[in-house]
Amino acid sequence: MRAGTMDMDVSGQKTGIVAKMKRRGGRGDQSPLGTWFWDIDRMLLLLTLFLIAIGLIAVAAASPASAVRYSGEHHKIAPLYYFWRQLMWVGVSLPVLFGVSMMPVSMARRMAIGGCALFVLMLMVTPFIGVEANGARRWLGVGFAQFQPSEFLKPLFIVTVAWLLSLRAKDAELPTVLITGAMTAGVAVLLMLQPDFGQTIIFCSVWLALLMIAGTPVRILVGLVALAPAGLVAAYIFYGVARSRIDAFLFPGVEGEGASDHFQTNAAHNTLTAGGWTGTGPGAGAAKFGLPEAHTDYIFSVIGEEFGLIACSVIAVIFLAIVVRVFVKLLDEQDEFKLLASAGLATQFGAQALVSMAVNTGLAPSKGMTLPFISYGGSSMVALSVGMGLLLAFTRRNPFLTRSPYVVRWSGE
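## A look at helix 12 (residues 299–329)
- Here helix 12 is 31 residues long, yet its end C-alpha atoms lie only 31 Å apart, well below the 45 Å a rise of 1.5 Å per residue gives.
- The sharpest bend along helix 12 comes to roughly 130°, located at Phe307.

## Side note on the environment of Glu333
- Relative to the helices and strands, Glu333 is located in the loop between helix 12 and helix 13 (336–360).
- Spatially, the C-alpha atom of Glu333 lies 9.9 Å from that of Arg397, the residues being 64 residues apart in sequence.
- With residues up to four places along the chain from it excluded, the contact list for Glu333 reads Lys338, Leu339 and Arg397.
- At a separation of 3.0 Å, a polar atom in the side chain of Glu333 contacts the main-chain amide nitrogen of Asp335.

## Observations regarding empty space enclosed by the protein
- Evaluation of the coordinates by the stated rule reveals 3 cavities of 30 Å³ or more.
- Taken together, Pro155, Leu345, Gln348, Phe349, Phe373, Ala383, Leu384, Gly387, Met388 and Leu391 make up the full set of residues lining the largest cavity.
- Here the element with the most residues in the lining of the largest cavity is helix 14 (residues 378–394); it accounts for 5 residues.
- Residue classes in the lining of the largest cavity are distributed as 8 nonpolar, 2 polar and no charged.

## Some details on the layout of surface pockets
- Quantified by volume, the second largest pocket comes out at close to 710 Å³.
- Along its surface, the second largest pocket is lined by 21 residues, and Thr200, Cys204, Leu227, Ala228 and Gly231 are the ones closest to its centre.
- At the level of elements, helix 7 (176–192), helix 8 (197–213) and helix 9 (218–238) are the ones that each hand at least two residues to the lining of the second largest pocket.
- It is helix 9 that contributes the most residues to the lining of the second largest pocket, 8 residues altogether.
- Partitioning the lining of the second largest pocket into residue classes produces 16 nonpolar, 5 polar and no charged.

## So, a nonpolar patch on the surface
- Taken together, the side chains of Leu121, Met124, Val125, Phe128, Ile129, Val189 and Leu193 define a hydrophobic patch exposed on the protein surface, amounting to about 710 Å² of accessible area.
- It is helix 5 (residues 105–129) that contributes the most residues to the nonpolar patch, 5 residues altogether.
- For Ile129, a relative accessible area of 62% puts it in the exposed group.

## Considerations on the packing of helix 3 (residues 42–70) against helix 4 (residues 81–101)
- At their nearest, the axes of helix 3 and helix 4 sit 7 Å apart, and the two run at 155° to each other. In terms of their interaxial angle, helix 3 and helix 4 are classed as roughly antiparallel. The way helix 3 lies across helix 4 gives a crossing that is right-handed. Side by side, helix 3 and helix 4 meet where Leu45, Thr48, Leu49, Ile52, Leu56, Val59, Ala60, Ser63, Ser66, Ala67 and Tyr70 of the first sit next to Tyr81, Tyr82, Phe83, Gln86, Leu87, Val90, Leu94, Leu97 and Phe98 of the second.
- Here the contact of helix 3 with helix 4 is built from residues that sort into 16 nonpolar, 4 polar and no charged.

## Description of helix 8
- Given a rise of 1.5 Å per residue, 17 residues ought to cover 24 Å, and the 25 Å separating the end C-alpha atoms of helix 8 matches this to within 8%.
- Among all positions of helix 8, only Phe197, Gly198, Gln199, Thr200, Ile202, Phe203, Val206, Trp207, Ala209, Leu210 and Leu211 are buried.
- Within two residues after helix 8, Gly215 carries a phi angle of roughly 85°, on the positive side.

## Notes on the packing of helix 6 (residues 149–166) against helix 13
- At a closest axis distance of 8 Å, the pairing of helix 6 and helix 13 adopts a crossing angle of 145°. The chirality of how helix 6 crosses helix 13 is right-handed. Of the residues in helix 13, those in contact with Lys154, Pro155, Ile158, Val159, Ala162, Trp163, Leu165 and Ser166 of helix 6 are Glu336, Phe337, Leu340, Ala341, Gly344, Leu345, Gln348 and Gln352.
- Considered class by class, the residues forming the contact of helix 6 with helix 13 number 10 nonpolar, 4 polar and 2 charged.

## Focus on the pattern of salt bridges
- This model, assessed by the stated rule, comprises 6 salt bridges.
- One salt bridge in this structure joins Arg325 and Asp41, with 2.9 Å as the shortest N-O distance. Here Arg325 is found in helix 12, whereas its partner Asp41 is found in the loop between helix 2 (32–39) and helix 3, with 284 residues between them in sequence.
- For Arg325, a relative accessible area of 35% puts it in the partly exposed group.
- Assessed through its relative accessible area of 3%, Asp41 is described here as buried.
- Glu151 serves as the salt-bridge partner of Lys154, at 3.3 Å between the closest nitrogen and oxygen. On the criterion of helical spacing, the pair formed by Lys154 and Glu151 is a turn pair, its members being 3 residues apart in helix 6. Accessibility assignment for this pair places Lys154 and Glu151 in one class, buried.
- Each member of the salt-bridge network shares a partner with another, and the members are Asp41, Arg325 and Lys329.

Definitions and limits used
- Residues numbered from 1 in each chain as written.
- Predicted model: local features only at pLDDT ≥ 70, side-chain atom pairs only at ≥ 80, totals over all residues.
- Heavy atoms only, no water.
- Helix = DSSP H or I, 4+ residues; strand = E, 2+ residues; numbered from the N terminus.
- Expected span 1.5 Å × (residues − 1).
- Bend = angle between axes of the 7 residues up to and from the residue.
- Contact = heavy atoms within 4.5 Å.
- Polar contact = N/O pair within 3.5 Å; in protein donor to acceptor, adjacent residues only side chain to side chain.
- 1 Å grid on protein atoms, 1.4 Å probe; cavity = no way out; pocket = protein on both sides within 12 Å on 5 of 7 lines; lining within 4 Å.
- Points joined across faces, edges and corners; volume = space filled by probe spheres on them.
- Nonpolar A, V, L, I, M, F, W, Y, C, P; charged D, E, K, R; others polar.
- Patch = residues over 30% accessible without salt bridge, like charges linked within 9 Å, V, L, I, M, F, W, Y side chains within 5 Å.
- Areas by Shrake-Rupley, 256 points an atom, 1.4 Å probe, with all protein chains shown as cover.
- Salt bridge = Lys/Arg side-chain N within 4 Å of Asp/Glu carboxyl O.
- Buried < 20%, exposed > 50% of the residue type's maximum accessible area, 1.4 Å probe, protein only.
- Axes fitted to C-alpha atoms, helices over the stretch in contact; angles between N-to-C directions.
- Parallel < 35°, antiparallel > 145°, perpendicular 65-115°, else oblique.
- Left-handed = near helix turned anticlockwise from the far one by under 90°.

The following block contains the structure:
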């Protein structure tokens, strides 16, 4: 035979370029990329990419309204300014998502724990040296390089808490509830100093969900749940932003600080329903121009106006499908850490989407919560990519890890 085309090794196996190329991309491909492709939950990855694509379309629809709102007499913002920036952030985020999803579980866990410590330190200094916007200090950095530490902390904190709770399986005497509770309380205090009431709710809710999944005694869970109303009352009394937003939500005619929040929820509801079931069509929406933060917090309403309530329902179903798929996949998971980490990340993802959609539909007071992978924002997009990358890494199933070493491998030829 011609050299370099096909040779036979001593065992009769075909070698050479052609034979190697035939094995690429198939089930027998044991290259790092091939192994990753067959181990990854491809449906979960596809749904995520679908959300990112929807987000680009939605930001393109909302960008002109936000450009008009934030343009001034001497400063004009191009109609698609936010779309082009979001496209850039997607270009940055996708390699992050794929890169993190390729990590071995041990490496991903170490990265998350180290990152959690780093971003907690950043969260500690944010209320003092952070950039102020809309009355809150939630960002660090200057100019183009600004980022929100709490967004990055969310997935890393969840993995860290999952790791600590999983240690109880090895030593039942470890006070994991007390340790993780103190950590969550500390993060909550730092978030309230910014202030960021919405993120505080997400962190606390995911912690409670992880305790439930970890098999924490019912009496402890009941006690913690009973503290929730007390926490809300304390927030209402001592936290002015929470008080104004709760007042605006419960008493629509309230005057003062809460009036602006009531205006936002009203504008969001009116925009959401302005297009009916099928929408006005891309770029044809008019109500969005009266909507504050159309490209971030209230992008779901823009989708409702231009693409219709049916499109909104489809997006809600996609979020639900991602969460349900993860939990169904975890039904036979034996590794305590991977179970807790994956469940926590899926809970955080679903809870954030639920809160954002509830605010847009008027079912919850305004919280400044972005819609995952759809709202505009560099910090949000990159941090969500880290979280989804971790989720994909922890839900990977590698058949070679559990296959008996005594099984004979045949070439089939």
